[in-house]
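What the coordinates show
Spelled out, the chains give:
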Amino acid sequence: MRASGCTRQAIREQFRLQARRRLEDGARVIIAIDGPAASGKGTIARRLAAHYRLPHLDTGLLYRATAASLLQADKDIHDVEAAVAAARGLGLTEFDEDTLRGAKMGEAASVVAAMPGVREALLETQRAFAARPGGAVLDGRDIGTVVAPRADVKIFVTASAPARAQRRALELAQRGQRADYDALLADILKRDARDSGRSTAPLRAAEDAVQLDTTHLGVEAAVAEAERIVEAARVGA
Ligand code: DC
């Protein structure tokens, strides 16, 4: 049965009131941060976690580790059976974080993340993290929509594709690596299309998420805005 617009609004208002009560009580608080690659969601999530003293899970790392596990075993990244087995077996293998965070693994992660079996295999771990007694901050693509649809605060972080490519180019240059802006932009657009176009848990803002566009914001301004959004949820603004 589909809820009417009116009912949906009433349900949203109920969730908002419940969330506000939890924030006021200092009880378990779940903050869901979603957004496309290089939007700044990871930095915002880390900073909010530090500010509110909450544990943080970068869920992209689970998909990156799944891809790394496949590649390490010399399997084809498109092999669904092997990818699901890799996702189920995570935790048995350790990966170097620099390797996981590289562009190659981001692209491979996006491929395995489109497989429903892989997403299902990783869902419980993420939900268990969100259900920690003291609350948590999680960032990814489907936190507000699938992993923690009842999160107390949902922020959907965006930025224009050129701004995101520029950021990636700057990060690489700062590490002394060669940065090809056009290639970075093409990679970002390709990843956006795959992450948003897949049938299971596509990248999209939850209906009750607050949008935060970081295109023209530096790190400090973006974090300050995210904190303002959390505080607004605290007072029910
Ligand atoms: O956030 P990231 O760049 O580390 O994520 C890598 C890929 O993993 C991303 O392109 C899509 C996938 N991913 C996902 O589908 N769902 C998540 N919650 C997190 C990441």
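Below or above, wherever it landed, is the structure these notes cover. (Residues numbered from 1 in each chain as written. Predicted model: local features only at pLDDT ≥ 70, side-chain atom pairs only at ≥ 80, totals over all residues. Heavy atoms only, no water.)

Quick notes on the site of the ligand
Residues in contact with the ligand amount to 15 residues; listed here are only the nearest, Arg64, Arg119, Arg141, Arg191 and Asp195. Within the side chain of Thr59, one N or O atom sits 3.0 Å away from a nitrogen atom of the ligand. Isolated, the ligand exposes 440 Å² of accessible area, and the fraction of that covered by the protein chains is 97%. When residues of the shell around the ligand are traced back to their parent elements, those giving at least two are helix H3 (60-72), helix H6 (103-113) and helix H10 (181-197). Tallied by class, residues from the shell around the ligand come to three nonpolar, four polar and eight charged. (Near = heavy atom within 4 Å. Polar contact = N/O pair within 3.5 Å; in protein donor to acceptor, adjacent residues only side chain to side chain. Areas by Shrake-Rupley, 256 points an atom, 1.4 Å probe, with all protein chains shown as cover. Helix = DSSP H or I, 4+ residues; strand = E, 2+ residues; numbered from the N terminus. Nonpolar A, V, L, I, M, F, W, Y, C, P; charged D, E, K, R; others polar.)

Some words on unusual backbone geometry
Most peptide bonds take the trans configuration, and most residues that are not glycine carry a negative phi. A positive phi is found at Ala38, a non-glycine position, where the angle reads about 65 degrees. Summarising the element assignment, Ala38 is placed in the loop between strand S1 (29-34) and helix H2 (41-51). Under the relative-accessibility criterion, Ala38 is labelled buried at 13%. At Ala201, a residue that is not glycine, the phi angle is positive and equals roughly 45 degrees. As for its placement among the helices and strands, Ala201 is situated in the loop between H10 and strand S5 (210-213). (Buried < 20%, exposed > 50% of the residue type's maximum accessible area, 1.4 Å probe, protein only.)

Points about the packing of helix H9 (residues 161-174) against H10
Where H9 contacts H10, the two axes come as close as 9 Å, and the packing angle between them is 125 degrees. When the interaxial angle is binned, H9 and H10 end up oblique. Judged by the sense of rotation from one axis to the other, the crossing of H9 with H10 is right-handed. Counting all contacts with H9, which are made through Ala161, Pro162, Arg164, Ala165, Gln166, Arg168, Ala169 and Leu172, the residues of H10 involved are Tyr181, Leu184, Leu185, Ile188, Leu189, Arg191 and Asp192. (Axes fitted to C-alpha atoms, helices over the stretch in contact; angles between N-to-C directions. Parallel < 35°, antiparallel > 145°, perpendicular 65-115°, else oblique. Left-handed = near helix turned anticlockwise from the far one by under 90°. Contact = heavy atoms within 4.5 Å.)

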